[in-house]
Amino acid sequence: MELTPQDKSSEQSPESIEAGDKERWASLIGGGAMVLMGLRQRSLRGVLMAVAGGGLLYQGAKKQSTLKQAQEAMGLNQPIKVEKTVTINKPAAELYSYWRDFAKLPTFMKHLESVTLIDSKKSHWVAKAPLDASVEWDAEIIQERENELIAWASAEDADIENSGFVRFKPAPDDRGTEVKVVLEYNPPGGAIASAVAKLFGEEPEQQIGDDLRRFKQLMEAGEIATTEGQPSGRE
Amino acid sequence: MKAVCWEGTTKVEVKNVPDPKILNPRDAIIKITSTAICGSDLHLYDGYVPTMKKGDILGHEFMGEVVELGSAVKNVQKGDRVVVPFTISCGNCFFCNRDLWSLCDNSNPNAWIAEKLMGHSPSGLFGYSHMLGGYAGGQAEYARVPFADVGLFKIPEGLSDDQVLFLTDIFPTGYMAAENCDIKPGDTVAIWGCGPVGQFAIRSAYMLGADRVIAIDRVPERLQMAKEQGKAEILNYEEVDVGEALKEMTGGRGPDACMDAVGMEAHGTGLEGFYDEAKQALRLETDRPTALRQVIVACRKGGTVSIPGVYGGFIDKMPMGAAMNKGLTMKMGQTHVHRYLKPLLEHIQNGDIDPSFVITHRMKLEDAPKGYETFKHKKDNCIKVVLKP
Ligand SMILES: NC(=O)c1ccc[n+]([C@@H]2O[C@H](COP(=O)([O-])OP(=O)(O)OC[C@H]3O[C@@H](n4cnc5c(N)ncnc54)[C@H](O)[C@@H]3O)[C@@H](O)[C@H]2O)c1
Ligand SMILES: [Zn+2]
Ligand SMILES: [Zn+2]
């Protein structure tokens, strides 16, 4: 698969693009292998930014906050990476267009409060957090290929620094579309850390998986299966 | 409304609970006119199915009248008399499209639990643990039916509840189990378990062209029903060595197909029976596979093993060597009820079978605790209990 990154060359810092990043990226998102396995030690964000032209929202790994350096020193700065794929019995175009309207994402992403579109590329995300705390960030689309891929990254001052992409790939022989989400985020420190930990739970893998499952239910069955509100002998 | 609630191992209670509500556009609410207790319910009753919670409403074999409809259900009307498959299926996914309804991708809100245990999740089921959806069941006055546009089947005039109630589960289950035997002319089918599922499997095996059916159990009235209603030859496993007897009865070949219609709480004899009971009691083994082991060893080379009996987790001492070296084919699964409902309804309409023959007990919903007790211990010659709300 040939990628055509947006033209952001004016803002691009040459050292942010590693040789082979574009090829690696193309084979990672286009292939059937596990993306995170291919990334290994590299950060998803780094690769995404490099391919997109870098420097747009995030100034690269060198400009680290002191908090971040402290975390790193204490060995806490482990970015969390999640990869989940589900096959949905619908054409890619239909799935893509639902997803691309970010304002609708909270319908199936349980932990999102709202997503507000700022312009065609920028959006503001608010996640539900315990104890009236709110976790918010701005995100920008850094790659977009109609009916195939949407990649995004959070702006620099995000409560949770995150980046990721969703890929829509036709499954073999009438099996619908394989929808893959790859996410990377850095758990922040400070007061907000525990709220975020709660938010993403102990198993981010499962939460993303459940979100994807709800997306599938909505697209295939037209509604999200639930038992919330049914009777039992407990009340 | 009144509903039968699971309150812990071997404890069910009829409680007053809130009425069900429409929760999704494809839902319907049914006023239940008949509901039955199934052998599968006994696995819950006895505490062998994980992820049950105190207060869960039981029951997956029920029928009644439509009283409320979600906005997206257009093909049924209020007042329609319907039966409800025990499997909850969306009708649109890969599996539903391929007639594999009990494997529906979209009906289990707790799929992640099932995925942890089994890799993938089957469909949600009514009243059958949180791992399989946590849906309130139909041993109640009312029930909510999700995906009602594909999950309700209208019953034509002139057929009684007793005649059509078992279309919800045990008739299709017996039928699919017989179909899974891949019956060819001249075939002998041996069926372990003469409970309601076994009884329907016997009838279905003949409907599908079996030459002989041999039924195995130890409960006299169940064996008698297999013989008189089902025209099966019978073996009491407490009186004979079943493996030897089956060989003798089939010219030394063994039955062409063998079916386990017993499931995870098989009764065992001798040392082997003691071993499984002890292990299951200590939760070292979730299921007691006595019948399944016999099924595999008895089956003729190259034959087919059909397993409608329910297993929940792990079994010990599975004779995999016998299965592999004899080149057996094994077929199993929760029943794809939606697939069989219409054709089997036609069999009933044509008078090929009257499923009410299995009913031995009719009780009020309020008497469910007694119903469970009677059915479990096979008291009073009990084979099938129907409850009337
Ligand atoms: N696959 C499905 O979709 C589906 C649907 C309904 C029921 N089931 C399962 O089918 C099984 C039978 O259901 P049922 O309603 O007939 O239950 P049941 O408990 O009434 O019948 C089981 C019968 O097996 C006999 N039995 C016990 N140990 C035996 C042994 N070692 N050898 C031979 N017979 C033995 C018992 O005496 C009893 O008559 C259960 O496991 C139930 O969960 C499966
Ligand atoms: Zn049943
Ligand atoms: Zn489905």
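What you see is a predicted model, and the numbers here were worked out from it, not measured in a lab. (Residues numbered from 1 in each chain as written. Chains lettered and ligands numbered in written order. Predicted model: local features only at pLDDT ≥ 70, side-chain atom pairs only at ≥ 80, totals over all residues. Heavy atoms only, no water.)

Novice: Would you explain the interface of chain B and chain A in this entry?
Specialist: In many analyses, interface size is given as the accessible surface area lost on bringing the parts together. With 40 residues of chain B in contact, the opposing surface of chain A contributes 24 residues. Taking both partners together, chain B and chain A bury about 2400 Å²; carbon and sulfur atoms supply 47% of that area. Taken together, the connections running from chain B to chain A amount to three salt bridges. As a salt-bridge pair, R213 of chain A and E115 of chain B come within 2.8 Å of each other at their nearest N and O atoms. Linking chain B with chain A are 17 residue pairs in polar contact (both at pLDDT 80 or more), by the criterion used here. Secondary structure elements with two or more residues in the side of chain B that touches chain A: β4 (56-57), α2 (94-97) and α3 (111-118) of chain B. (Contact = heavy atoms within 4.5 Å. Buried area = accessible area lost by both parts, 1.4 Å probe. Salt bridge = Lys/Arg side-chain N within 4 Å of Asp/Glu carboxyl O. Polar contact = N/O pair within 3.5 Å; in protein donor to acceptor, adjacent residues only side chain to side chain. Helix = DSSP H or I, 4+ residues; strand = E, 2+ residues; numbered from the N terminus.)

Novice: Explanation requested: the nonpolar core in the structure shown.
Specialist: Where a protein is soluble and globular, its nonpolar side chains tend to be buried together. Of all hydrophobic cores here, the largest spans 76 residues; its most connected members are F166 and L167 of chain B. Taken together, domain 1 (2-169 + 335-388) and domain 2 (171-332) of chain B each give at least three residues to this core, which thus spans both. For L167 of chain B, the residues in contact, after removing those within four places along its chain, are V83, I155, P172, V337, L341, L344, L345 and I348 of chain B. By size, the runner-up hydrophobic cluster in this structure holds 36 residues, among which are W99, M109, I150 and W152 of chain A. (Core = buried A, V, L, I, M, F, W, Y, C linked by side-chain atoms within 4.5 Å. Buried < 20%, exposed > 50% of the residue type's maximum accessible area, 1.4 Å probe, protein only. Domains from an automatic or database assignment.)

Novice: Is there a simple way to think about the pairing of strand β7 (residues 177-186) of chain A in this case?
Specialist: Each regular strand carries side chains that alternate between the two faces of the sheet. Residues and elements named next belong to chain A. With nine of 10 residues buried, β7 is to be regarded as a mostly interior element. The sheet contact formed by strand β6 (residues 161-170) and β7 spans 10 bridges and is antiparallel. Bridging from a neighbouring strand, V166 pairs with V181 of β7. Taking the residues that link successive antiparallel strands as the turn, the β6-β7 hairpin has six residues, and the phi of D173 there is positive, at about 45 degrees. (Pairing = 2+ DSSP bridges.)

Novice: Before we go on, may I ask you to explain the UniProt feature "domain: Alcohol dehydrogenase-like N-terminal" (unreviewed entry) in chain B in this structure?
Specialist: Here the UniProt feature "domain: Alcohol dehydrogenase-like N-terminal" (unreviewed entry) sits at residues 25-156 of chain B. The span residues 25-156 of chain B shows a helical share of 17% and a strand share of 27%, and its end C-alpha atoms are spaced 26 Å apart. (UniProt positions renumbered as here; feature names shortened; annotations may be inferred.)

Novice: Got a minute to help me understand the pattern of salt bridges in this structure?
Specialist: It is possible for side chains of opposite charge to pair when their charged atoms get near one another. This structure, assessed with the given rule, holds 30 salt bridges over all chains. One salt bridge in this structure joins R144 of chain B and D27 of chain B, with 2.6 Å as the shortest N-O distance. Of this pair, R144 of chain B sits in strand β9 (residues 142-145) while D27 of chain B sits in the loop between β2 (11-16) and β3 (28-37); the two residues are 117 residues apart in sequence, bridging distant segments of the chain. Judged by relative accessible area, R144 of chain B falls into the buried class, the value being 7%. For D27 of chain B, a relative accessible area of 0% corresponds to the buried category. In this structure, E179 of chain B and R339 of chain B form a salt bridge, with 3.9 Å as the shortest nitrogen-oxygen distance. Of this pair, E179 of chain B sits in helix α6 (residues 170-179) while R339 of chain B sits in helix α13 (residues 337-349); the two residues are 160 residues apart in sequence, bridging distant segments of the chain. According to the relative accessible area criterion, E179 of chain B is partly exposed, its value standing at 34%. R339 of chain B sits in the partly exposed class, given a relative accessible area of 27%. Overlapping salt bridges bring together R100, K121 and E144 of chain A as one network.

Novice: It is not clear to me how the environment of N186 of chain A should be interpreted in this structure. Could you clarify?
Specialist: Locating N186 of chain A in the fold gives a position in strand β7. On the accessibility criterion, N186 of chain A (11% relative accessible area) is buried.

Novice: Hey, could you run me through the coordination of the zinc ion (ligand 2) in this one?
Specialist: Around a metal, the idealised angle for a tetrahedral arrangement of four donor atoms is 109.5 degrees; for an octahedral arrangement of six donor atoms it is 90 or 180 degrees. Residue and element names in this part refer to chain B. Here the zinc ion (ligand 2) is held by C38 (SG), H60 (NE2), E61 (OE) and D169 (OD), and the distances to it run 1.8 to 2.5 Å. Taken together, the four donor atoms coordinating the zinc ion (ligand 2) span angles of 85 to 135 degrees at the metal, a pattern that classifies the geometry as irregular. In the primary sequence, the donor residues of the zinc ion (ligand 2) line up as C-x21-H-E-x107-D. Of this pair, E61 sits in strand β5 (residues 61-69) while D169 sits in the loop between α5 (161-164) and α6, placing them 108 residues apart in sequence. (Donors = N, O, S within 2.8 Å, 3.2 Å for Na, K, Ca; no water. Tetrahedral: all angles 85-135°; square planar, octahedral: opposite > 155°, others 65-115°.)

Novice: Would you explain the layout of surface pockets in this entry?
Specialist: Space left empty within the atom packing is revealed by a probe, the size of a water molecule, rolled over the atoms. Residues and elements named next belong to chain B. Space inside the second largest pocket adds up to approximately 1100 Å³. Forming the boundary of the second largest pocket are 50 residues, of which H43, V262, E265, A266 and K378 lie nearest the centre. Here the lining of the second largest pocket gets four residues from one element, more than from any other, and that element is helix α1 (residues 39-45). Residues of the lining of the second largest pocket, tallied by class, amount to 21 nonpolar, 18 polar and 11 charged. For the lining of the second largest pocket, the two domains that each supply at least three residues are domain 1 (2-169 + 335-388) and domain 2 (171-332). (1 Å grid on protein atoms, 1.4 Å probe; cavity = no way out; pocket = protein on both sides within 12 Å on 5 of 7 lines; lining within 4 Å. Points joined across faces, edges and corners; volume = space filled by probe spheres on them. Nonpolar A, V, L, I, M, F, W, Y, C, P; charged D, E, K, R; others polar.)

Novice: Please clarify how the sheet that holds strand β1 (residues 2-8) of chain B should be interpreted in this entry.
Specialist: Backbone hydrogen bonds are what pair the strands of a sheet, in a parallel or an antiparallel way. Residues and elements named next belong to chain B. In spatial order, the strands read β2-β1-β4; together these three strands make up an open sheet with antiparallel pairing. Single-partner strands in this sheet number two, and they are β2 and β4. Pairing between β1 and β4: two bridges, direction antiparallel. Bridge assignment links W6 to a residue of β4, and that residue is D56. Against the sheet, helix α14 (residues 368-376) contacts β1 and β2, and its axis sits at roughly 160 degrees relative to β2. (Axes fitted to C-alpha atoms, helices over the stretch in contact; angles between N-to-C directions.)

Novice: Before we go on, may I ask you to explain the environment of A111 of chain B in this structure?
Specialist: Mapped onto the elements of the fold, A111 of chain B is located in helix α3. Assessed through its relative accessible area of 4%, A111 of chain B is described here as buried. Put simply, A111 of chain B and L132 of chain B are 21 residues apart on the chain and 7.2 Å apart in space, counted from C-alpha to C-alpha. With residues near it in sequence (within four places) discarded, A111 of chain B still touches R213 of chain A together with S121 of chain B.

Novice: Explain helix α10 (residues 270-281) of chain B to me, please; I cannot follow it from the model alone.
Specialist: Each α-helix turn comprises 3.6 residues. Residues three or four places apart therefore point the same way. All names here are of chain B. In a regular helix each residue adds 1.5 Å, so 12 residues correspond to 16 Å; α10 covers 17 Å between its end C-alpha atoms and thus fits that length. Listed in full, the buried residues belonging to α10 are G273, D276 and Q280. Down the axis of α10, the sector holding all buried residues measures 70 degrees, keeping them to one side. In α10, the exposed positions that point more than 90 degrees away from the buried face belong to L271, F274 and A281. Contacts from the buried residues of α10 go to α11 (290-298). With its phi angle positive at about 60 degrees, R283 sits one or two positions after the end of α10. (Expected span 1.5 Å × (residues − 1). Arc of directions from axis to C-beta.)

Novice: Hey, could you run me through the packing of α6 of chain B against helix α7 (residues 196-207) of chain B in this one?
Specialist: Working note: a packed helix pair is described by the angle between its axes plus the distance between those axes. Residues and elements named next belong to chain B. Direction vectors running N to C along α6 and α7 enclose 50 degrees, while the axes themselves pass 7 Å from each other. Here α7 runs oblique to α6, going by the angle between their axes. The element α6 and its partner α7 pack so that their crossing is right-handed. When α6 is examined against α7, the residues I170, F171, T173, G174, Y175 and A178 are found in contact with a partner set consisting of P196, V197, F200, A201, S204, A205 and M207. Residue composition of the contact of α6 with α7, by class: 10 nonpolar, three polar and no charged. (Parallel < 35°, antiparallel > 145°, perpendicular 65-115°, else oblique. Left-handed = near helix turned anticlockwise from the far one by under 90°.)

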